[in-house]
Structure formats: structure tokens, C-alpha cells
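# A structural walkthrough
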Amino acid sequence: MKVFVTGGTGYIGSHTVVELQQSGFEVVIVDNLCNSNIQVLDGIEKITGVRPEFEQFDLTDEKATRDFFARHRDIKAVIHFAALKAVGESVSMPLEYYKNNLNSLMNVLLSMREFGVKNLVFSSSCTVYGQADVLPVTEQTPRKQAESPYGNTKAMCEDILRDLAKVEKDMNLIALRYFNPIGAHPSACIGELPNGVPNNLIPYLTQTVAGIREQLSVFGNDYNTPDGTPVRDYIDVIDLAKAHVVAIRRLLDGKNKANYEYFNIGTGNGVSVLELIQAFEKATGKKVNYKIVGRRAGDIEKVWADTTVANTELGWKAGVPLVETLANTWRWQEKLGKG
Ligand code: NAD
Ligand code: UDP
């Protein structure tokens, strides 16, 4: 059974390709390598023993996308990871973000409809909830106006899926709303490859411990949280990858209850920035050099998932303990070294 994975050489995509292959699926990847590296294929092959099929082109190219589907008539399902994802950059380059993230989804959906591919899993984000009034957030928690063009692309893509599902009754679509993905494959063959100075907490932290960055800035300790630092739901990337396999199976087995569904994919646990630093120190025995600085603009105070629906409906539950996730992350950073 062949699954088409867009953005499959990226961080979450590559881990999902591994889990798909290990679950018996055949995979074909398309990626334009704007934020990933072709050597990721070596890492995947090293883990699974199988090199996934790969084509390099930009999914905003409608003709190239259509030609691809025309050549791969055996695709049964699509997982659409390909997107630009840097929140700050999206504020300064809104048109590039809307063009890339919306047009790539549009082209994939147009070709799926034309070539009769019925099943899609889409990468959404807890960013659609913004600062929710009630925690933890359930799938019924109202979405809030996005804080950034990036966040807005996720909300708009979800809306496209919802509207399409209303008229294309035999297309089956699932949006997975990821909380904060972290970690790396325990083999240290694949992991996150941040481009330039990382914006996210974990790559900044591991680069600090590795001596690439001088000091981690903790953005604010005056929030209304137990220790004053913001709280997030950090989900291991392998658990997240497995959620995609479960979602694909649900669609292929016709177990979905509606032809557009969306699920929270998190652990259900809120962890503060200081708690995460402490857990990293415990997991690795390394000291993190950090200082408290002012708040980062646009940050929300706290968010974590109610995962009841994913647990009961998908039959999926996060399982990797946080210390293990952080140990895997550090093993990956050690492998990357200072490069
Ligand atoms: P990533 O940048 O590592 O992977 C995305 C991949 O898509 C990259 O390999 C990139 O080269 C490719 N790509 C981007 N635009 C493309 C295009 N037009 N054509 C072909 N390839 C293209 O990002 P990731 O962290 O693996 O994220 C995967 C998905 O999950 C994205 O949609 C992202 O928005 C979403 N998401 C990520 C997070 C997170 O914190 N990492 C959280 C929530 C949602
Ligand atoms: N954060 C931090 N220092 C950093 C990067 C992030 O203190 O260098 C904090 C940030 O304020 C937030 C949490 O870590 O509370 C997670 O941030 P990240 O950018 O990883 O994910 P977000 O939840 O913002 O998408």
C-alpha cells in the first residue's frame, strides 16, 4: 500500500516515513529541500533498510504536482507535511507563507480529486487555539484568530479541508493538531535540523549545551503559571509519527466517523520551560546555561491538550517518557556536533 508523504525529508515527515515503512507501507516522498537535506534519506534507509522513493520539486508548481500524481497511480493516501513553519519569518514574509502553505495544499487536493486518491492526513497545529480560555483544550475548544500568518495558514488549510469534505463525500480528510513536537529517533540517524539560529526552545537548548550558542534565554518568568514560565505540551516525535500511521489506517480501513475529522495530538501534560530544562539536566547529566529575560512577543501563556478523543477514537496515546525524549534529543545533537 503506497503512501505519498509531502515534506517527507523534514523533521516530522522523516520520522513518520520510518514508522510507515516499519508498519509495512511503501512510501514516496516529494520535498523541494527548502528546509531539509537529501541525506535524511540515508538516515531513513539506515533505520528501516529501505530507501523511500523520492522526487524533488516544489508542490506550489501545479503542473509538476499533477504530473507526479499521473505517474504514481498506485498512491492510496497522502500525508501533507510540506509547509513553511517559522512563525517570526511568516510575519515578515506573509505572502510567501500564504503562497507556499495554501497553494501546496490546493495542488495536492486538486490532483487527489482528479486522480481519485481519497485519503489525506494534514499537519495542523495547536496554534489554531491561540490562548484558550479553558485548559486543557479539547477539539471543541473554539479556534481563535491566529497571531501570525503561519498560524493563519493552518486555520485556512483546515477550513479548506472542511469545505471540501462537505461536497466531496468520498474524500476522507484528517487534520492532526500537533502540540509541541520534540525529540529525535533513538538511533540518532534522524532528528531535527534547524536552519540557522533556532527559534524553538529545544534546538536552542541543545545547541547551547553543545557550545554552539552561549546561553539560552528563557522568555519571561512572570506568567500566571506555577513557576512563572510558559507551559506547553511537548510531544515526542516518534509518538507523533505513530499518530500518522494510526490516522492513515483509520482512513484506509474506513473507520473514520466523518469525512473530515480533527484530533489533538499531545501528551495531555503541561510542562513549563524551567521544568523542561530540569528534565533535560536529569536526562543527560548536562547543565543548561540559561538566563531569564523578558517575554517574547506573541507567546501564549499556557496550552496543553485534552487527548481523550485521540485516545479513544484513534486508539493512540503518547508513550515516550519526557526524559527519554530529551536523552534522544541530546544523542542527536551530539551526533550533529558543532556543525
Ligand atoms: P520541516 O521544515 O522540517 O519539514 C517540512 C518539509 O517540507 C521540509 O523538508 C521542506 O523542505 C518541505 N517543503 C516546504 N514547502 C515545500 C513545497 N512547497 N514543496 C515541497 N516541499 C516543501 O517542518 P516539520 O517540523 O517537519 O513540520 C512538518 C509539518 O508540521 C508542517 O506543516 C508544520 O507546519 C507542521 N507543524 C510543525 C510543528 C513543529 O513544531 N515542528 C508544530 C505544528 C505543526
Ligand atoms: N522559549 C524560550 N527560549 C527560547 C525559545 C523558546 O524560553 O529560546 C520558550 C517560549 O517562550 C515558549 C516555549 O519555550 O514558552 C516553547 O517555545 P517554542 O518556540 O519551542 O514553541 P511555541 O510553543 O512557541 O510554538
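Each remark here, short or long, concerns the structure printed above.
Residues numbered from 1 in each chain as written. Chains lettered and ligands numbered in written order. Predicted model: local features only at pLDDT ≥ 70, side-chain atom pairs only at ≥ 80, totals over all residues. Heavy atoms only, no water.

## Quick look at the packing of helix α1 (residues 11-22) against helix α8 (residues 237-252)
One can describe the packing of α1 onto α8 by two numbers: an axis separation of 8 Å at closest approach and a directional angle of 60 degrees. In terms of their interaxial angle, α1 and α8 are classed as oblique. You can see that α1 and α8 cross each other, and the crossing is right-handed. Residues Y11, I12, H15, T16, E19 and L20 of α1 form the contact with α8, whose participating residues are V237, I238, L240, A241, K242, H244 and V245. For the contact of α1 with α8, the residue count by class is 8 nonpolar, 3 polar and 2 charged. (Axes fitted to C-alpha atoms, helices over the stretch in contact; angles between N-to-C directions. Helix = DSSP H or I, 4+ residues; strand = E, 2+ residues; numbered from the N terminus. Parallel < 35°, antiparallel > 145°, perpendicular 65-115°, else oblique. Left-handed = near helix turned anticlockwise from the far one by under 90°. Contact = heavy atoms within 4.5 Å. Nonpolar A, V, L, I, M, F, W, Y, C, P; charged D, E, K, R; others polar.)

## Focus: the site of ligand 1
By nearness alone, 27 residues border ligand 1, and D31, N35, S36, K85 and Y150 come closest of all. In the environment of ligand 1, an oxygen atom lies 2.8 Å from a nitrogen or oxygen atom belonging to the backbone of I12. The side chain of S36 places a nitrogen or oxygen atom 2.7 Å from an oxygen atom of ligand 1. Broken down by secondary-structure element, the contributors of at least two residues to the shell around ligand 1 are α1, β5 (119-125) and α6 (149-167). Ranked by residues supplied to the shell around ligand 1, first place goes to β5 with 3 residues. (Near = heavy atom within 4 Å. Polar contact = N/O pair within 3.5 Å; in protein donor to acceptor, adjacent residues only side chain to side chain.)

## A look at the packing of aromatic side chains
Under the counting rule described, the total for this entry stands at 7 aromatic pairs. Between F4 and F68, the aromatic rings sit 4.5 Å apart at their centres with planes inclined by 40 degrees, giving tilted as the arrangement. You can see F4 sitting in strand β1 (residues 2-6) and its partner F68 sitting in helix α3 (residues 62-71), a full 64 residues away along the chain. F4 sits in the buried class, given a relative accessible area of 0%. Taking the relative accessible area as the measure of exposure, F68 reaches 0% and is therefore buried. An aromatic cluster is defined as three or more aromatic residues linked by ring pairs; in this entry it consists of F4, F57, F68 and F69. Positioned over the ring face of Y223 is R295, at 3.9 Å from the centre of the ring. (Phe/Tyr/Trp six-rings, centres within 6.5 Å; stacked < 30°, edge-to-face > 60°. Buried < 20%, exposed > 50% of the residue type's maximum accessible area, 1.4 Å probe, protein only. Lys NZ or Arg CZ within 6 Å of the ring centre and 35° of its normal.)

## A few points about helix α5 (residues 94-115)
A rise of 1.5 Å per residue sets the reference length of α5, with its 22 residues, at 32 Å; its end C-alpha atoms lie 31 Å apart and thus fit the reference within 8%. Turning to α5, its buried residues are Y97, N100, N101, L102, S104, L105, N107, V108, L109, S111, M112 and F115. On its buried face, α5 sits against β1, α3, β4 (75-80), α4 (87-92), β5 and α6. (Expected span 1.5 Å × (residues − 1).)

## Side note on α1
Here α1 contains 12 residues, and its C-alpha end-to-end distance of 17 Å stays within 8% of the 16 Å for a straight helix at 1.5 Å per residue. With respect to burial, α1 is a largely interior element, 11 of its 12 residues being buried. Looking at α1, one finds that the buried residues are Y11, I12, G13, S14, H15, T16, V17, V18, E19, L20 and Q21. Of the residues one or two after α1, G24 is the one with positive phi, at around 95 degrees.

## Some words on the nonpolar core
Counting residues in each nonpolar core, the largest one holds 37 residues, and the members touching the most others are L20, V121, L176 and I265. Residues within four places of I265 in sequence aside, it is in contact with L176, R177, Y178, F179, I235, L240, A243, A310, L314 and W316. Judged by nonpolar contacts, the second largest core, of 28 residues, contains A64, A82, L102 and V108. (Core = buried A, V, L, I, M, F, W, Y, C linked by side-chain atoms within 4.5 Å.)

## What to know about the pattern of salt bridges
Summed over all chains, the structure comprises 25 salt bridges. Residue D67 is joined to K63 by a salt bridge in which the shortest nitrogen-to-oxygen separation is 2.8 Å. Highlighted residues: D67 and K63, both in helix α3, separated by 4 residues, approximately one helical turn. For D67, a relative accessible area of 26% translates into the label partly exposed. (Salt bridge = Lys/Arg side-chain N within 4 Å of Asp/Glu carboxyl O.)

## Remarks on the site of ligand 2
Inspection of the region around ligand 2 gives 14 residues, with L201, S217, R232, R296 and D299 positioned closest. Residue F219 places a main-chain N or O atom 3.0 Å away from an oxygen atom belonging to ligand 2. Here an oxygen atom of ligand 2 sits 2.8 Å away from a polar atom, N or O, in the side chain of R296. Here ligand 2 loses 87% of its free accessible area of 520 Å² to cover by the protein chains. Split into classes, the residues belonging to the shell around ligand 2 amount to 7 nonpolar, 4 polar and 3 charged. (Areas by Shrake-Rupley, 256 points an atom, 1.4 Å probe, with all protein chains shown as cover.)

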